[in-house]
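Structure assessment
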Amino acid sequence: MSLTASDVWSRLLERARLDLTPEAFESWLAPAQPLGIAGEALAVGVPDQFAAEWNERNYQDLLESYGPVALGHPVKVTFQADPERVARAQMDLFVAPANRPPQSPAPGGALPTPRTGVTGRPQNDSFGFAPLSPRYTLNEFVVGRSNELAAAAALAVSQQPGRAYNPYFIYGDTGLGKTHLMQAIGHGVLERNPDARVAYVGIEQFTNEFIQAVQGKAMSSFKRRYRELDVLLVDDVQFLKGKESTQEEFFHTFNTLYEAGRQIVLTSDRPPVEIPRLEARLVSRFQSGMVADVGQPDYEHRLAILQQKLKRDHLEDSFPGDVLELIAERVQSNVRELEGCIIKLLAFASLKHKDVTVELALDALRDRLSADGGSGGGGGQLSIATVQKVVAQEWQVTPEALMSKSRLKAYTVPRQVAMYLVRTLMGTPLIQIGEAFGGRDHSTVIHSLERVEVQLRTDPEFATRVQRVENRLLQQ
């Protein structure tokens, strides 16, 4: 039975949702509607010509790359504007003139599939791994005080894989550039040796392939696939926690590559020693090379990131300096959030038929631009004592109770919430958090953070209380 246009579009969207930021997905792909399908050509309708050109330039290749996996065959995606709104002169501000060079992907429009590697030759993805994003190169990475060590190490690794910093472990919060640096290493290796076997994979993909190999009695093929690589790039290794069989296989894969002098690069949202339920021998292996963190960018760094994004898309003349300064000052959480603001502001200006101004930005981004300059990422005025005090008030206990040894639920719940907010809002190291809450060890802190994360997902009333406390803290 052949798939309808709606079926095909739904399958493509399911995969795009995983690769794109929520802002990019909701602003550009979610509003689109399938119009029809002829053979392998899918026509998709969008509100106006600006959206059609933007989607074709930034997301067409990405969507078409999903075809073989999502549909079992290639697909050609074209975007068509509503005929009544094709002529949109006010959009000339955002659409690059025809004589400009082809644009890079939109800020936040992550992971379009490259057709060739950085050297112009076909990228070495014939063994089934996802191609590297053309956006994620060292030239596109904006270096600041929060990531200069990690960037310098990445450059060294790309120039001397297997010799400089092996393994290389990069950690930091979501959206700060870990994946960018990791893939930049892959690009650098391929630039110097186009025949190098470079594989980028998430730990979830590794786990799923391992399970399939066990079930299909194809372990020999699985082992060759991973152990004959020159460079293995593994994202989100924190998800190895608790997966004993996968950890065992990953340990042997790691050892085989390492002993053969092959480069291994790993990323995580926390340093190796803080990953819960990770075997000690893996922690030891991960820490045996270079461990570098990427932190939250400061104001100057955030401003430089915004300028780089706009320059890449030839939109620097469309954004007044005071708009960029406003975003850089008030959005402090991560790079992905900065990119999301650019995308949302562009879409808002398109819908309102207005130029980008400070007034428009305040209107479009009012849910992101807090009055005190914080965006959930770590206001400089916040202290652990303040968090403890505000949480204690919400749960009607004393701040001293949060630091006590008592295991009464009346105390443990607010204590765990306070630890969670100290970690998420301030980025405080686990050991320091433990010391501030009665001298607890880092494993106890990890357990507390995980308990809060689970309850936030499953208990709406609890999530509301935590959000209320967070809002009060962000106002201080």
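Note: the structure precedes this text.
Below is a short write-up of the structure. Each residue is numbered by its place in its chain's sequence as written, counting from 1. Since the coordinates come from a predicted model, pLDDT governs what is reported: local features require at least 70, and pairs of side-chain atoms require 80 or more to be given and counted, while whole-chain, interface and lining totals use all residues. With hydrogens and water set aside, each side-chain value is computed from the structure's full complement of heavy atoms.

Focus on the overall build of the chain
To be explicit about the condition: Secondary structure elements follow DSSP: runs of H or I of four or more residues count as helices, runs of E of two or more count as strands, with numbering from the N terminus. Only heavy atoms matter for contacts: two residues are in contact if any of them lie within 4.5 Å across the pair. Values of accessible area rely on a 1.4 Å probe in the Shrake-Rupley scheme; residue burial ignores everything except the protein chains shown.
Counting its regular elements, the chain contains 21 helices and 8 strands. For the chain, restricting intrachain contacts to residue pairs at least 6 apart in sequence, the fraction spanning at least 24 positions comes to 74%. For the chain, the accessible surface area stands at approximately 21,900 Å², while carbon and sulfur atoms represent 49% of it.

Brief notes about a negative patch on the surface
Definition in use: By definition, no residue in a patch forms a salt bridge, and every one has over 30% relative accessible area; like charges are joined within 9 Å, nonpolar side chains (Val, Leu, Ile, Met, Phe, Trp, Tyr) within 5 Å. Throughout this description, the term salt bridge denotes a Lys or Arg side-chain nitrogen within 4 Å of a carboxyl oxygen of Asp or Glu. Residues scored as charged are limited to Lys and Arg (positive) and Asp and Glu (negative), so that His and the chain ends carry no count. For charged residues, the charge sits on one atom: NZ in Lys, CZ in Arg, CG in Asp, CD in Glu.
On the surface, Asp-322, Glu-325, Glu-329 and Glu-359 cluster together into a negatively charged patch. The element best represented in the negative patch is helix 13 (residues 321-330), accounting for 3 residues. On the secondary structure map, Glu-329 appears in helix 13.

Some words on the pairing of strand 7 (residues 263-268)
Remember that side chains alternate between the two faces of the sheet whenever the strand is regular. For the record, the criterion: Residue exposure (1.4 Å probe, protein chains only): buried if accessible area is under 20% of the type maximum, exposed if over 50%, otherwise partly exposed. In this scheme, strands are said to pair when DSSP sees at least two bridges between them.
The buried fraction of strand 7 amounts to 6 of the 6 residues, a majority that puts the element mostly inside the structure. Going residue by residue along strand 7, you find Gln-263, Val-265 and Thr-267 tucked away on one face and Ile-264, Leu-266 and Ser-268 tucked away on the opposite face as well. Where strand 4 (residues 168-171) lies against strand 7, 4 bridges are found, and the strand directions are parallel. Directly across from Ile-170, in strand 7, lies its bridge partner Thr-267.

Details of helix 10 (residues 244-259)
Rule in force here: Helix span, as expected, comes to 1.5 Å for every residue beyond the first.
Compared with the 22 Å implied by 1.5 Å per residue over 16 residues, the 23 Å span of helix 10 between its first and last C-alpha is a close match. Listing the buried residues of helix 10 in full gives Thr-246, Gln-247, Glu-249, Phe-250, Phe-251, Thr-253, Phe-254, Asn-255 and Leu-257. Buried-residue contacts for helix 10 involve helix 8 (203-215), helix 9 (219-227), strand 6 (231-235), strand 7 and helix 11 (280-286). Directly after helix 10, the chain includes Gly-261, whose backbone phi takes a positive value near 75°.

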